[in-house]
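The lines below spell out each chain.
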Amino acid sequence: MTRISILSILLFSVFLAHGCSSDSEEPTTSPPPPTQGGEGPNPEPVAQDSTTAIYRQFFFRGTHNSYSGNQGGMKREGIATQLERGLRFFEFDLFSFHTEIELQTTWPDEADNLSTFNHNGEPYLLSYSETAGTLKIHMLTDGEQELVYDNTGNPWSEENRKFNILAHQSEQYVLDYVPTDGTLTVHGFNGTVLNTIGTASTGVVNAQISTFVFDERAFIALHSEDAGTYKIIEMVFDGGGITLGTALYELESVPSEESLYPFEQDNKLYIFRHNMNTVTNYKVDAIAVNGTSWSLGNSEMATSDLLTGTVQAVLSNGKLYVNSYAANGNVVGSQLVMDNGTPILVYEYNNETDPLIGADASLSPAEKGYDMFLRKGSSVQLSSINIGNLVLGHDAPGDEVDLTVDNPSSILLGDWIEYIAQWSNANPDHEPLFIMTELKEYEQWLADAKWQNIIQLMQDKFGDKLRFHSSSGFHNETIVSQDRIVDGETLYFMDENGSKEGGLLGKVILYIQPNNNITKSEHTNNFQPFGTANGVLQENFLQLKRYRENNKLVSPDWRKPNNYGNDIGAYIDARDDSYISRIFHMQSSDGDGQYDNIRCTDVMFAVSDRPYEGLYVEYAEEQEVKNELEKVVGCD
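Since the model is a prediction, treat every value here as computed from it, not as a measurement.

S.K.: Can you walk me through the overall build of the protein chain in this structure?
M.R.: Looking only at helices and strands, one finds eight helices and 33 strands in the protein chain. Taken across its 636 residues, the protein chain has 53% of its residues classed as buried. Across the protein chain, contacts joining residues at least 24 apart in sequence account for 57% of those joining residues at least 6 apart. Of the roughly 27,800 Å² of accessible surface on the protein chain, 45% is carried by carbon and sulfur atoms.

S.K.: Mind showing me how you'd approach the sheet that holds strand β22 (residues 342-350) here?
M.R.: Pairing between the strands of a sheet comes from backbone hydrogen bonds, and it takes one of two forms, parallel or antiparallel. Strands sit in the order β19-β20-β21-β22 across an open sheet of four strands; the sheet is antiparallel. Across the chains shown, the open sheet's two edge strands, defined by having one partner strand only, are β19 (310-316) and β22. In this sheet, adjacent strand axes meet at a mean angle of 30 degrees when their direction is disregarded. When β19 meets strand β20 (residues 319-325), the two strands line up antiparallel, connected through seven bridges. In the strand pairing of β20, Thr310 is matched with Tyr325.

S.K.: How do you make sense of the nonpolar core when you look at a structure like this?
M.R.: If you look at soluble globular proteins, the nonpolar side chains tend to sit buried side by side. In this structure, Phe92, Ile417, Ile454, Phe462 and Leu510 are the most contacted members of the largest nonpolar core, which totals 33 residues. Not counting residues within four places of it along the chain, the set of residues in contact with Ile417 comprises Phe92, Ile435, Leu457, Met458, Lys461 and Phe462. By size, the runner-up hydrophobic cluster in this structure holds 19 residues, among which are Ala286, Val311, Leu320 and Val332.

S.K.: Looking at this structure, how should I read the sheet that holds strand β11 (residues 207-214)?
M.R.: As summarised here, the arrangement of the four strands in space is β11-β12-β13-β14, forming an open sheet in which the pairing is antiparallel. Of all strands in the sheet, those with a lone pairing partner are β11 and β14 (241-251), marking the two edges. Here the average twist between neighbouring strands, direction ignored, is 25 degrees. Two elements, strand β13 (residues 229-238) and β14, share eight bridges in a ladder whose sense is antiparallel. Considered in β14, the bridge of Phe237 is made with Ile242.

S.K.: So what exactly am I meant to see when it comes to the confidence of the model for the protein chain here?
M.R.: Low pLDDT marks regions whose predicted coordinates should not be analysed in detail. Taken over all residues, the pLDDT of the protein chain has a mean of 79, while the share at 70 or more is 72%. This model gives residues 1-55 a pLDDT under 50, and the stretch forms 85 contacts once residues within four places in sequence are excluded. In this model, residues 531-575 is a region of pLDDT below 50 whose contacts with residues beyond four sequence positions or in other chains number 118 contacts.

S.K.: Is there a simple way to think about the packing of aromatic side chains in this case?
M.R.: Working definition: an aromatic ring pair is given by the centre-to-centre distance plus the angle between the planes. A complete count under the given rule lists 18 aromatic pairs for this structure. Aromatic side chains Phe263 and Tyr270 sit 5.5 Å apart centroid to centroid with 25 degrees between the ring planes, which places their arrangement in the stacked category. A residue is classified by how much of its surface remains accessible, and Tyr270, at 9% relative accessible area, is buried. Centre to centre, the rings of Tyr321 and Tyr370 are 5.4 Å apart; their planes meet at 35 degrees, and the pair counts as tilted. Here Tyr370 lies in strand β24 (residues 369-376) and Tyr321 lies in strand β20, a separation of 49 residues in the sequence.

S.K.: How should I be thinking about the side chain of Ser383 in this particular structure?
M.R.: For Ser383, the location among the structural elements is in strand β25 (residues 379-392). According to the relative accessible area criterion, Ser383 is buried, its value standing at 0%.

S.K.: When you look at the environment of Tyr261 in this model, what are you seeing that I'm missing?
M.R.: Following the sequence through the fold, Tyr261 ends up in strand β15 (residues 258-265). You can call Tyr261 buried: its relative accessible area is 18%. For the pair Tyr261 and Phe272, spaced 11 residues apart in sequence, the C-alpha separation works out to 5.0 Å. When residues no more than four places from it in sequence are discounted, the contact partners of Tyr261 are Tyr270, Ile271, Phe272, Val311, Gln312 and Ala313.

S.K.: Honestly, the pattern of salt bridges in this entry has me stumped. Any pointers?
M.R.: Applying the stated criterion across every chain yields a total of 13 salt bridges. A salt bridge links Glu418 to Lys461; the shortest N-O distance between them is 3.1 Å. Linking Glu418 in helix α3 (residues 413-426) with Lys461 in helix α4 (residues 451-462), this pair joins segments that are 43 residues apart in sequence. For Arg484, the salt bridge goes to Asp464, with nearest N and O atoms at 2.9 Å. Residue Arg484 is located in the loop between α5 (472-476) and β28 (485-486), and its partner Asp464 is located in the loop between α4 and β27 (466-469); the two are separated by 20 residues in the primary sequence. A relative accessible area of 60% means that Asp464 is categorised as exposed. Look at the salt bridges and you will find they share partners, linking Lys75, Arg610 and Glu613 into a network.

S.K.: Is there a simple way to explain the side chain of Ser334 in this structure?
M.R.: Here Ser334 shows up in strand β21 (residues 331-339). For Ser334, a relative accessible area of 2% corresponds to the buried category. Non-local contacts of Ser334, meaning those with residues more than four positions away in its chain, are made with Leu306, Leu320, Tyr321, Val322, Leu345, Val346, Tyr347 and Glu348.

S.K.: Explanation requested: unusual backbone geometry in the structure shown.
M.R.: With the exception of glycine, the majority of residues adopt a negative phi angle, and the majority of peptide bonds are in the trans configuration. The backbone phi angle of Asp215 is positive, close to 55 degrees, even though this residue is not glycine. Residue placement: Asp215 occurs in the loop between β11 and β12 (217-224). Among the residues examined, Asp215 registers a relative accessible area of 48% and is labelled partly exposed. Positive phi outside glycine occurs at Asn317, with the angle close to 55 degrees. For Asn317, the position within the fold is in the loop between β19 and β20.

S.K.: Sorry if this is basic, but what is going on with the environment of Asn317 here?
M.R.: Residue classification places Asn317 among the exposed residues on the basis of a relative accessible area of 56%. For the pair Asn317 and Gly369, spaced 52 residues apart in sequence, the C-alpha separation works out to 7.7 Å. Setting aside chain neighbours within four positions, we find Asn317 in contact with Ala366, Glu367, Lys368 and Gly369. In this structure the side chain of Asn317 is engaged in a polar contact, spanning 2.7 Å, whose partner is the backbone oxygen of Glu367.

S.K.: Help me understand the packing of α3 against α4, please; the structure alone is not making it clear to me.
M.R.: Two measures define how a pair of helices packs: the angle their axes make with one another and the distance between the axes. Orientation of α3 relative to α4, taken along the N-to-C sense of each, is 30 degrees, at an axis distance of 9 Å. Taken as axis vectors, α3 and α4 run roughly parallel relative to one another. Between α3 and α4 lies a crossing whose hand is right-handed. In contact with Leu413, Gly414, Ile417, Glu418, Ile420 and Ala421 of α3, α4 contributes Leu457, Met458, Lys461 and Phe462. Residues belonging to the contact of α3 with α4 are distributed by class as follows: seven nonpolar, one polar and two charged.

S.K.: Just to check I follow, could you spell out the pairing of strand β17 (residues 281-288) for this structure?
M.R.: Both faces of the sheet carry side chains from a regular strand, because those side chains alternate between them. Bridge analysis of strand β16 (residues 268-275) against β17 gives five bridges, and the strand direction is antiparallel. For Arg273, the partnering residue across the bridge sits in β17 and is Lys283. Between the end of β16 and the start of β17, which pair antiparallel, lie five residues. Pairing analysis gives eight bridges linking β17 to strand β18 (residues 295-303), with the strands arranged antiparallel.

Calculation rules
- Residues numbered from 1 in each chain as written.
- Predicted model: local features only at pLDDT ≥ 70, side-chain atom pairs only at ≥ 80, totals over all residues.
- Heavy atoms only, no water.
- Helix = DSSP H or I, 4+ residues; strand = E, 2+ residues; numbered from the N terminus.
- Buried < 20%, exposed > 50% of the residue type's maximum accessible area, 1.4 Å probe, protein only.
- Contact = heavy atoms within 4.5 Å.
- Areas by Shrake-Rupley, 256 points an atom, 1.4 Å probe, with all protein chains shown as cover.
- Pairing = 2+ DSSP bridges.
- Axes fitted to C-alpha atoms, helices over the stretch in contact; angles between N-to-C directions.
- Core = buried A, V, L, I, M, F, W, Y, C linked by side-chain atoms within 4.5 Å.
- pLDDT = per-residue confidence, 0-100.
- Phe/Tyr/Trp six-rings, centres within 6.5 Å; stacked < 30°, edge-to-face > 60°.
- Salt bridge = Lys/Arg side-chain N within 4 Å of Asp/Glu carboxyl O.
- Polar contact = N/O pair within 3.5 Å; in protein donor to acceptor, adjacent residues only side chain to side chain.
- Parallel < 35°, antiparallel > 145°, perpendicular 65-115°, else oblique.
- Left-handed = near helix turned anticlockwise from the far one by under 90°.
- Nonpolar A, V, L, I, M, F, W, Y, C, P; charged D, E, K, R; others polar.

Structural data, given as structure tokens:
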């Protein structure tokens with residue numbers, strides 16, 4: 001007896017045993033189909049839509065990793081071809097960061113001080129020669145350096161200087177500190193001109209200087225490694241000059257190996273403290289701000305394995321980013337979040353490029369995150385680390401994104417969604433599009449609940465066309481209109497009268513698939529922006545799991561997800577180049593109880609890595625027949 005014959009007998013036996021039963025242990029008898037006036041007492045059921053059909057199925061084609069084109073020998077082609085050939089399911093793997101190398105070169109001039117800063121969204125590089133007293137500022141554009149300021153015609157006095165950048169009240173300032181006598185000079189910078197605003201004595205020599213803004217006031221912080229002191233002083237811009245006040249906050253016995261970074265969060269002032277000798281440990285001091293005398297409120301100690309090598313922090317756009325640079329070039333970034341008074345380092349970034357190894361690292365705030373500047377001798381590298389941008393990639397940002405076929409020439413999700421939105425506008429009566437996004441490396445999404453960025457992007461691009469696949473997550477998102485949440489009961493292809501003018505024609509449905517760990521409290525530490533029960537984002541995540549078993553391609557039984565082996569498993573006996581890589585069933589997070597009148601009906605997206613050839617095409621053609629209004633008999 002052939003293998004197919006045996007399988008057919010087994011499937012027939014299963015059908016006899018279970019029929020179209022519900023999820024209960026005991027099979028139930030299906031109610032007779034509803035009678036329809038004038039057709040006799042027991043007419044054959046007529047499938048009209050996904051709520052009234054007795055035996056009904058909608059089938060749509062799509063691709064797995066829709067952005068990968070023809071990479072790896074696959075034949076997905078680009079988004080333009082996919083839409084033109086009738087694919088309606090698109091899957092995008094997402095990261096919330098990406099790295100752009102702004103500069104990688106050998107620096108030609110002698111420079112005792114070489115640092116970077118950001119002005120009006122553009123990176124600049126400042127170089128200073130102590131022996132000549134010369135300062136140069138270059139703007140970087142597409143890897144090219146343009147000299148915008150040069151004082152070689154009127155050099156400064158030849159002495160050691162340390163520089164810091166302050167952005168305050170829409171102005172950019174360059175601070176020039178002379179460690180030998182504690183003199184501070186403040187210059188205004190407008191992109192091409194450096195104007196001296198004023199000079200004052202800090203009263204602190206041989207210190208590391210930093211700046212910060214709190215409560216819209218500007219401050220300098222001076223860490224004297226020789227004296228072991230740390231002072232915070234307000235800097236007042238008055239009448240075109242500057243004035244330094246008395247120390248508002250002072251610490252004694254501060255180790256020279258410790259770095260301190262003041263930052264503001266939720267209108268409160270904190271100091272992040274890290275000692276290079278205790279790499280994985282850190283401390284956060286809460287500062288009680290009271291008039292002209294500040295004091296220590298409380299301190300919280302914490303440990304994180306995200307801290308390795310050289311640890312630095314930078315305050316950018318109201319967020320404190322902590323960057324670890326190891327001697328082997330490994331880079332990891334995190335965001336420090338005060339969660340109900342408890343400091344938490346949330347993993348945000350890992351470098352997907354090749355950084356200089358064994359270099360000196362420094363950070364500066366940037367428009368979309370922060371910049372990391374590496375210097376090793378005359379070799380320099382400037383990387384722009386963009387945090388929060390939604391970018392495509394499989395194992396890393398940009399990984400397996402095919403830009404050689406008819407795809408957008410970008411890894412930014414927004415550019416791809418814009419293309420799909422334009423196609424949708426040009427084809428207003430198209431079959432519903434289904435867009436699934438998969439969040440990679442879940443912890444990166446904790447700090448800002450970035451799936452809200454996905455929702456906002458889709459709303460901006462699709463407007464009234466956008467719908468959301470039912471999940472408890474969407475029901476809990478305040479930015480989601482509840483009347484736009486759809487599931488397997490939603491009128492899908494037609495309205496209740498069988499008219500294709502209704503339903504979801506011309507609409508776009510969003511589903512966000514998280515890394516499963518993002519829904520588990522043991523992985524999120526009940527982080528406050530989530531503050532929810534396990535699985536709140538997508539409790540129907542399991543619908544997308546376990547579609548390959550022993551190299552067999554199977555589909556879950558819609559009545560009992562643990563049962564495998566219905567028609568897809570029977571049709572595609574073994575994986576080949578056209579295998580179905582994922583099957584999504586349009587169902588609801590509420591379970592099968594809502595399907596009392598649907599029985600064997602489903603809305604199914606079967607996706608393939610090779611959507612235009614082989615068994616997949618044959619199967620798709622067979623299944624798509626069921627999308628038409630026909631009398632459908634049985635469960636097949």
